[in-house]
Each structure stands twice: as structure tokens, then as C-alpha cells.
Amino acid sequence: MNTSVIELKSIFKSYGSFLALQNLNLKVDEGSIFGFLGPNGAGKTTTIKIILGLRKATEGEVFLWGEKNTRRGMKLLKRIGYVPENGSLYENFTPNQIVKFVKPYYPSWDVELEKGYFERFELPKNKKIGEFSLGMKRKLLLLLALSFKPDLLIMDEPTLGLDPLTRYKFLQLLTGEVAQGGLTVFLSSHTLGEVERICDTVAFIKKGKLLEVKLMEDLKKESQRIKVVFQKDVPQSALQIPGVEVLEGSGKHYLLAIKGNISHALEEISKFPIFVIEEQEISLEDIFVKKMEES
Ligand code: ATP
């Protein structure tokens, strides 16, 4: 049986009387790039910190590689690269000094890899971090999280502050590492275009409740859109077909959302002579907005 890299069982988290997470159950498989999505304040950072044992769940259990993660379970943490949302670094240190400080904690630290990231990210080694731009600091956090060849990479808004070229290179690097095997990635992001490009599975969370976990492929399939121009006017009432939703339009022109079996829907729609039909690419952003509005 395939052991999950991360498994959350009935996680609840309260901050005083405020319930930030409600009965969260989640599994992340090995080799997955898992996107954790939700609006501001949904509970993403809280979940990430609970996974890492940096924050204690009020109820529930976290398993990493099938092993229960107790708070600050150092042994498991050595296998995890973590890029925090607001990662702070010692401003008086240089990257060289930080690396020297961090390296001894990780027996698997790879000096060649570290060198490669310094070059790839074009990071100065001897400049004080206090003089770095936001993007440079994020790059250094990525370098620190990747140079010891983690088995699991957990990232809270990893590309925040990166310029488009660096962002592109970083995402390429990430998918390359995962493709080579062994690495699992769990990330939260509001940049849905990049999530769409790299994640194979996504989970939606809102107000502390998990709404859905889906393979990206299935998510796209179940949310298809078509533009139809009929040869003659068709009343909206005639398009009340199971699995078909009229998003906009009237008369001859319609934009329809198709849920489920597209060929069955097309068969029904085609009962009215069609002039033009065109499939529309639906983005993760469209799907996200709809899910958040509907829930
Ligand atoms: P964002 O996308 O804005 O980063 P998020 O999904 O990561 O949001 P969290 O930071 O996990 O959200 O916060 C979830 C909820 O818990 C929010 O309502 C937040 O105000 C609350 N919260 C988080 N940390 C604390 C804390 N230490 N004390 C009290 N409430 C907190």
C-alpha cells in the first residue's frame, strides 16, 4: 500500500474562542505537487505550521511518512524543507554565514547543490541580508530549503516577491526535481496560474473547512465551458439539460458550463441546429472563484 507522505486526521485548531480549522482530513501522496488553496484567513498557514509541528492542533493527529509527528519532532523535520510565508533571516548575517549556521543540522546538505543554487539565483554570498531585496531574501530561503535534498518541501507562498523570470526558472526547477523522483511538494499559493501549471492535486479550504481535494486533471474535466451559436433563437428554458448551466446569453448566443459527461451534454444541445460551437479553456482562477462563491 502506498503510504502518504502527509496525513492529517480530524484536525481542529482553536485560537481562543475562534475555530480556525474544523475537522481537516487530508492525504498527500509521495511524488505529488499538492496545491493548498483558499482565500485570506482560510487557515492555510495554520495548517502548514501544524503539519510541521510548529503549532499544536487543538485536536487531531499529523502523520508524516506514516509516523506520528509530535510537536517539534526533529527527526522528521530533517527531511523537510520549509519556506515560510514571512520567513525572517538574520539581517546582520551574510548568506555564507547563514549557510554555515544551518548546514550542520542537515547531514544530507549537498555543497554542489548549494553552489548551483547560488549561481542559478544570482545571489551574492557576502552581502548583508539586511541589504537584500524581498525577492533576494525569498531566493535565499528557497536555497536553504532545497540544498539538503529534502524528501518533502513545504512552501507558504513560495514565489511571493520573485520576478517573472526567476519564478519561471524556480517552477521549472521544482517540477524537474519532482520528476526525478523522491520529492513531494506541498504549497499554498494565491498565484493560481502557477498552481495550475505545476500542481497535480489541489485542495480548497475556506473558513477552516476543507471543501474539496481533487486531481487537477479531474477538476478541469468537471468544469468545462462551451460557447454556442445556434442557427435560430433558442429560449433559455430549452437549455435546462442535466449537467448544463447557462452562464450567460440569450437568443442564438450562449456561454454554457458543462459538468460531467460532455458528449451527453453536446448530444442534447445539438438537438437545436448549431451554427458554431467552441470549447473554452477554463482556468483554475475561474474554478477557484466559482467554488468560493458557491460554498
Ligand atoms: P493568508 O492567505 O492571508 O496567508 P491563511 O489561509 O494562511 O491566510 P491563517 O494565517 O492560517 O490563514 O489564519 C487563519 C485564521 O486564524 C485567521 O482568521 C487568522 O486571523 C487566525 N489566526 C492565525 N493565527 C492566529 C493567532 N496566533 N491568534 C489568533 N488568531 C490567529
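Just so you know, these numbers come straight off a predicted model, no measurement behind them.

Caption draft 1: Spatial organisation of the overall build of the protein. Helix and strand counts for the protein stand at 10 helices and 14 strands. Looking at the protein as a whole, 44% of its 295 residues qualify as buried. For the protein, contacts bridging at least 24 residues in sequence account for 66% of all contacts bridging at least 6. Here the protein has roughly 15,200 Å² of accessible surface; of this, 51% comes from carbon and sulfur atoms. For the protein, the distance from the average position of its 41 positive side-chain charges to the average position of its 38 negative side-chain charges is 7 Å.

Caption draft 2: Main features of a nonpolar patch on the surface. On the surface, Tyr 90, Phe 101 and Tyr 105 cluster together to form a nonpolar patch covering roughly 350 Å² of accessible area. Relative to the assigned elements, Phe 101 resides in helix 3 (residues 95-102).

Caption draft 3: Structural context of the site of the ligand. Near the ligand lie 14 residues; those nearest to it are Gly 41, Lys 44, Thr 45, Thr 46 and Glu 85. Between the ligand and the protein, one listed contact pairs an oxygen atom with a side-chain N or O atom of Lys 44 at 2.8 Å. Separating an oxygen atom of the ligand from a side-chain N or O atom of Thr 46 is a distance of 2.6 Å. Secondary structure elements with two or more residues in the shell around the ligand: strand 2 (18-28) and helix 1 (44-52). Element by element, the count of residues in the shell around the ligand is highest for helix 1, at 3 residues. In terms of residue class, the shell around the ligand is built from 5 nonpolar, 6 polar and 3 charged.

Caption draft 4: Main features of unusual backbone geometry. Positive phi is not limited to glycine here, since Glu 122 has a value of about 50 degrees. Within the secondary structure layout, Glu 122 lies in the loop between helix 4 (111-120) and helix 5 (134-146).

Caption draft 5: Representation of the sheet that holds strand 14 (residues 274-280). If you walk across this open sheet you meet the 4 strands as 12-13-11-14, and the pairing is antiparallel. For this open sheet the edge positions go to strand 12 (244-250) and strand 14, each flanked by a neighbour on one side alone. Direction aside, neighbouring strands of the sheet carry axes that sit 20 degrees apart on average. With 6 bridges joining them, strand 12 and strand 13 (residues 253-258) adopt antiparallel strand pairing. Residue Ser 250 lies in a different strand from strand 13, and its bridge partner there is His 253. Here helix 9 (residues 262-269) sits on the sheet in contact with strand 11 (224-230), strand 12, strand 13 and strand 14, set at roughly 15 degrees to strand 11.

Caption draft 6: Region of interest: the environment of Phe 63. The topology assignment puts Phe 63 in strand 4 (residues 59-64). Judged by relative accessible area, which is 16%, Phe 63 ranks as buried. Expressed as a C-alpha distance, the spacing of Phe 63 and Val 195, which sit 132 residues apart in the sequence, is 25 Å. Residues within four places of Phe 63 in sequence aside, it is in contact with Val 5, Ile 6, Glu 7, Lys 9, Lys 68 and Asn 69.

Caption draft 7: The arrangement of the sheet that holds strand 9 (residues 201-206) in detail. Taken together, 6 strands build an open sheet; the order of strands is 6-7-8-3-9-10 and the sheet is mixed. With one partner strand each, in any of the chains shown, strand 6 (80-83) and strand 10 (209-215) form the two edges of the open sheet. The mean inter-strand angle of the sheet, taken between neighbouring strand axes irrespective of direction, is 15 degrees. Pairing between strand 9 and strand 10: 6 bridges, direction antiparallel. By the bridge assignment, Thr 201 is partnered in strand 10 with Leu 215. Set on the sheet, helix 1 makes contact with strand 3 (33-37), strand 6, strand 7 (152-156), strand 8 (184-188) and strand 9; between it and strand 7 the angle comes to about 150 degrees. Its contacts with the sheet put helix 10 (residues 284-294) on strand 3, strand 9 and strand 10, and the angle it makes with strand 9 is roughly 30 degrees.

Thresholds applied
Counting from 1, residues in each chain are numbered in the order their sequence is written. Totals for whole chains, interfaces and linings use every residue, but because this is a predicted model, local features are given only for residues with pLDDT of at least 70 and side-chain atom pairs only at 80 or more, for both listing and counting. Based on all heavy atoms of the structure, the side-chain values leave hydrogens and waters out of the count. Put simply, DSSP H or I for four residues or longer makes a helix, DSSP E for two residues or longer makes a strand, and each gets a number counted from the N terminus. Relative accessibility decides the category of a residue: with a 1.4 Å probe and only protein chains considered, values under 20% of the type maximum give buried, values over 50% give exposed, and everything between is partly exposed. Here a residue-residue contact requires only that any non-hydrogen atoms of the pair lie within 4.5 Å. In this description, accessible areas are obtained by the Shrake-Rupley approach with a 1.4 Å probe, and a residue is regarded as covered only by the protein chains that are shown. Two residue types count as positive, namely Lys and Arg, and two as negative, namely Asp and Glu; His and chain ends fall outside the count. Charge placement uses NZ in Lys and CZ in Arg. For Asp and Glu, CG and CD serve respectively. Within this analysis, patches are made of residues with over 30% relative accessible area and no salt bridge. Like charges are joined at 9 Å or less; nonpolar side chains (Val, Leu, Ile, Met, Phe, Trp, Tyr) at 5 Å or less. Any Lys or Arg side-chain nitrogen found within 4 Å of a carboxyl oxygen on Asp or Glu counts as a salt bridge. Definition of nearness: a residue and a molecule or strand are near each other if at least one heavy atom of the residue lies within 4 Å of the molecule or strand. In protein, a polar contact requires one atom able to donate a hydrogen and another able to accept it; more generally it is a pair of N or O atoms within 3.5 Å, and residues adjacent in sequence count only if both atoms are side-chain atoms. In this classification, the charged set is Asp, Glu, Lys and Arg, the nonpolar set is Ala, Val, Leu, Ile, Met, Phe, Trp, Tyr, Cys and Pro, and all remaining amino acids, among them Gly, are polar. Here, any two strands with at least 2 DSSP bridges between them count as paired. In this description, a line fitted to the C-alpha atoms serves as the axis of each element, helices being fitted only across the stretch in contact, and the angle between N-to-C directions of two axes falls anywhere from 0 to 180 degrees.

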